[in-house]
Amino acid sequence: MASSTVRPDHEDHDVAARLLLSSAKLSYDPAVDVDWDTPLDKDFHGQCPEWSTLYGTAYWNEMTEAQRKELTRQEVASIASTGIWFEMILQQMVLRDMYAKDPTDPRFQWALTEIADECRHSIMFGRSSAKLGAPAYRPRRAVVELGRVFKTVAFGEAAYAAILVAEEVLDVMQRDWMRDTRVVPFVRTISNIHVVEESRHMKFARDETRRRLARAGRTRRHFHALVIAIAAYFIVTSMVNPEVYVQAGLDPERACREAAANEHYKAQLRSSCSGLMEFLASARLLTRPALAVYKRANLI
């Protein structure tokens with residue numbers, strides 16, 4: 001269970017100071033650390049096949065190997081585009097949270113460092129989608145507008161826990177991708193960069209979530225638990241745009257139908273969220289309404 005006491009400010013400063021030091025020692029510049037010049041080799045997958053929304057379905061078994069590889073490349077491009085969308089929400093929430101705060105505070109300085117990381121990541125994901133030959137995938141218009149509302153009104157633990165939700169799911173995926181020799185090399189490099197740098201972001205998000213919840217009453221905690229769950233639902237269900245099936249030369253109606261019933265993919269999502277759910281439970285953010293939303297999103 002999360003502690004009900006507020007930690008001394010110096011402990012929060014120490015966390016941020018350690019993150020700043022880690023960032024100074026190990027950060028990347030995707031403009032030079034990723035091989036953008038080598039032409040795309042279509043003999044590789046875009047992600048581990050096991051992470052495809054159709055892996056294990058009857059449709060997957062009927063597809064040629066070339067179709068499977070094209071599908072995984074389009075899926076990873078869609079995930080990258082969704083990542084850009086949410087990273088832009090993240091940046092605005094963090095900037096608003098730090099507005100007019102003490103610039104000598106390590107937490108303030110870390111927040112700006114995180115925003116700088118996210119700017120580089122978004123450019124990196126955009127360039128990777130272009131190299132994969134994918135269009136600019138975007139969430140549905142209604143989800144884009146909901147995101148606009150969320151980034152404007154979310155505050156405190158709702159903002160930082162939502163950041164954690166998005167990053168935790170992608171972190172587990174990318175740890176698999178960066179080690180898999182079937183995945184195209186530049187995506188493996190991108191995955192490694194993102195895993196290393198986002199580990200610091202997740203540490204800060206966990207720390208801030210606990211800190212903001214320290215004084216939260218029951219009503220606020222339950223309200224934000226539901227808000228976080230709803231944000232998680234729309235993030236996860238927006239990762240793979242149905243247009244990927246069209247781009248891969250598949251029947252989109254059949255593909256969507258089989259993907260929606262794919263128990264293997266649902267199990268992959270649940271496994272990627274096990275650590276996240278443990279954290280949310282420890283923070284007392286797994287209320288009954290929130291659990292219902294997570295189950296609907298196949299995250300638990």
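Per chain, residue numbering runs from 1 following the sequence as it is written. Local features in a predicted model are, by the rule used here, given only for residues with pLDDT of at least 70; side-chain atom pairs are given and counted only at 80 or more, and totals for whole chains, interfaces and linings are based on all residues. Derived side-chain values reflect all non-hydrogen atoms in the structure, with water molecules and hydrogen atoms excluded from consideration.

Caption draft 1: The arrangement of the side chain of aspartate 171 in detail. Here aspartate 171 is to be found in helix 7 (residues 156-179). Once residues lying within four places of it in the same chain are set aside, the contact partners of aspartate 171 are Val195 and Met202. Numbered from the N terminus, helices here are DSSP runs of H or I no shorter than four residues, and strands are runs of E no shorter than two. Whether two residues touch is decided by their heavy atoms; if any such pair falls within 4.5 Å, the residues are in contact.

Caption draft 2: Structural detail: the environment of valine 94. Within the element layout of this structure, valine 94 appears in helix 4 (residues 65-98). By relative accessible area, valine 94 is classed as buried at 1%. In this structure the C-alpha to C-alpha distance between valine 94 and isoleucine 163, which are 69 residues apart in sequence, comes to 9.8 Å. Between buried and exposed lies partly exposed: a residue is buried under 20% and exposed over 50% of the maximum accessible area for its type, with that area taken using a 1.4 Å probe on protein chains only.

Caption draft 3: Region of interest: helix 12 (residues 263-272). Those residues of helix 12 not exposed but buried are Tyr265, Lys266, Gln268, Leu269 and Ser272. Buried positions in helix 12, seen along its axis, are confined to an arc of 155° and lie on one side of it. Here the buried face of helix 12 lies against helix 7, helix 9 (218-237), helix 11 (252-260) and helix 13 (274-282). With a side-chain oxygen positioned 3.1 Å from the backbone nitrogen of histidine 264, the residue opening helix 12 is asparagine 262. It is the directions from the helix axis to the C-beta atoms that the arc portrays. Polar contacts, as counted here, are pairs of nitrogen or oxygen atoms within 3.5 Å of one another; within protein the pair requires one atom able to donate a hydrogen and one able to accept it, and residues that are adjacent in sequence qualify only if both atoms are side-chain atoms.

Caption draft 4: Expanded view of the environment of alanine 159. Turning to its location among the elements, alanine 159 is positioned in helix 7. Assessed through its relative accessible area of 5%, alanine 159 is described here as buried. C-alpha of alanine 159 to C-alpha of alanine 231: the two residues are 72 residues apart in sequence and 9.7 Å apart in space. When near neighbours in sequence (up to four residues on either side) are disregarded, alanine 159 contacts Met93 and Ala154.

Caption draft 5: The arrangement of the pattern of salt bridges in detail. Here a salt bridge means any side-chain nitrogen of Lys or Arg lying within 4 Å of a carboxyl oxygen belonging to Asp or Glu. This structure, assessed with the given rule, holds 19 salt bridges. The partner of glutamate 157 in a salt bridge is arginine 220, with the nearest N and O atoms 2.6 Å apart. Of the two residues, glutamate 157 is situated in helix 7 and arginine 220 in helix 9; the sequence distance between them amounts to 63 residues. A relative accessible area of 0% places glutamate 157 in the buried class. Given the relative accessible area of 32%, arginine 220 is considered partly exposed. Ionic pairing is found between arginine 254 and glutamate 258, a salt bridge with its closest N-O pair at 2.7 Å. Of this pair, arginine 254 and glutamate 258 are both found in helix 11, four residues apart, which corresponds to roughly one turn of the helix. Using a relative accessible area of 16% as the deciding quantity, one classes glutamate 258 as buried. Linked through salt bridges whose partners overlap, the residues forming this network are Asp97, Asp105, Arg107, Glu208, Arg211 and Arg212.

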